[in-house]
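# Notes for the structure review
Each chain, letter by letter, is given below.
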Amino acid sequence: MNKCNEVMTKDPVCCLPNDLVAKAAKLMKSENIGSIPVIENEQTKQLVGIVTDRDLTLKIVAEGRDAKSTKVEAVMTHKVVTCRAEDDLQKALDAMSEYQLRRIPVVDSDNKIMGIIVQADVATRVNQPEKTAAMVKEISQSNAK
C-alpha cells in the first residue's frame, strides 16, 4: 500500500484567513482546483482551515454575500480532518470515506501543510480501480434519512 506522500499533490496553493473570498475563487479558477487549504501565515504554513468551491456556492452565492468584502475565515471549515505524509494511504481513504470528504490535507507533526490528497489523485496515482470506486461510492452516498 502506498504512503500518503506518494499520492498527494505536494505544496498546494494556499490562502490566508484574511484573504477575500474573491481571491480564493480566482485561485480555484486559475489553478483548476476545488479546494484551498487555509494557513495561519506564509512563515509557519500551519493549517487553520480549508475552503471549497461548495463553501463559496452555499455560503456566498446562495446567501447573497459579497465575495469582494467577505473574508475566507467567514466561510472556511475550521475543523479539518487531516492525515500525515507517512500514513498509509488506506488511513486517508478510510477518513475520506468516513467523513465523506473529496479531499484531505496532508500535514506534518506541527500541523504544517505538506500536500493534499483529492479523489483525482487516488484515481490517477493508485492502480487499484476497485478501491477507488469504493471510496468514491462511500464519499458520494447521501446522509439524508
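Look above for the structure.
The structure displayed is predicted, hence computed values, not measured ones.

Rules used in this analysis
Residues numbered from 1 in each chain as written. Predicted model: local features only at pLDDT ≥ 70, side-chain atom pairs only at ≥ 80, totals over all residues. Heavy atoms only, no water. Helix = DSSP H or I, 4+ residues; strand = E, 2+ residues; numbered from the N terminus. Buried < 20%, exposed > 50% of the residue type's maximum accessible area, 1.4 Å probe, protein only. Contact = heavy atoms within 4.5 Å. Salt bridge = Lys/Arg side-chain N within 4 Å of Asp/Glu carboxyl O. Pairing = 2+ DSSP bridges.

## Side note on unusual backbone geometry
Residues other than glycine seldom take positive phi values, yet Asn32 does so here, at roughly 55°. Its location among the elements puts Asn32 in the loop between helix 2 (21-31) and strand 2 (35-39). The phi dihedral of Asn111 falls on the positive side, at around 65°, and the residue is not glycine. On the secondary structure map, Asn111 appears in the loop between strand 5 (103-107) and strand 6 (113-118). Residue class for Asn111 comes out partly exposed when judged on its relative accessible area of 30%.

## With respect to the environment of Ala95
Relative to the assigned elements, Ala95 resides in helix 4 (residues 89-98). Judged by its relative accessible area of 13%, Ala95 is buried. Along the sequence, Ala95 and Cys83 sit 12 residues apart, while their C-alpha atoms lie 8.5 Å from each other. Residues within four places of Ala95 in sequence aside, it is in contact with Val81, Gln100, Leu101 and Ile104.

## Brief notes about helix 2
For helix 2, every residue scored as buried is listed here: Val21, Ala22, Ala24, Leu27 and Met28. Positive phi shows up at Asn32, right after helix 2, with a value of about 55°.

## So, the pattern of salt bridges
For the structure on display, the rule yields six salt bridges. Put simply, Lys59 and Asp55 hold a salt bridge, and the shortest N to O gap is 3.6 Å. You can see Lys59 and its partner Asp55 sitting in helix 3 (residues 53-61), four residues apart, about one turn around the helix. Taking the shortest distance from any N to any O, the salt bridge between Asp87 and Lys91 comes out at 4.0 Å. Look at Asp87 and you get buried, because its relative accessible area is 13%. Relative accessible area serves as the criterion here: at 54%, Lys91 is assigned to the exposed category.

## Notes on the pairing of strand 2
Here is the key point about a regular strand: its side chains alternate between the two faces of the sheet. Among the five residues of strand 2, five are classified as buried, and the element is accordingly described as predominantly covered. Judged by which residues are buried, strand 2 turns out to be covered on both faces: Ser35, Pro37 and Ile39 on one side and Ile36 and Val38 on the other are all buried. Note: strand 2 against strand 3 (residues 47-52), five bridges, orientation antiparallel. Each residue of the ladder has a partner; that of Pro37, found in strand 3, is Ile50.

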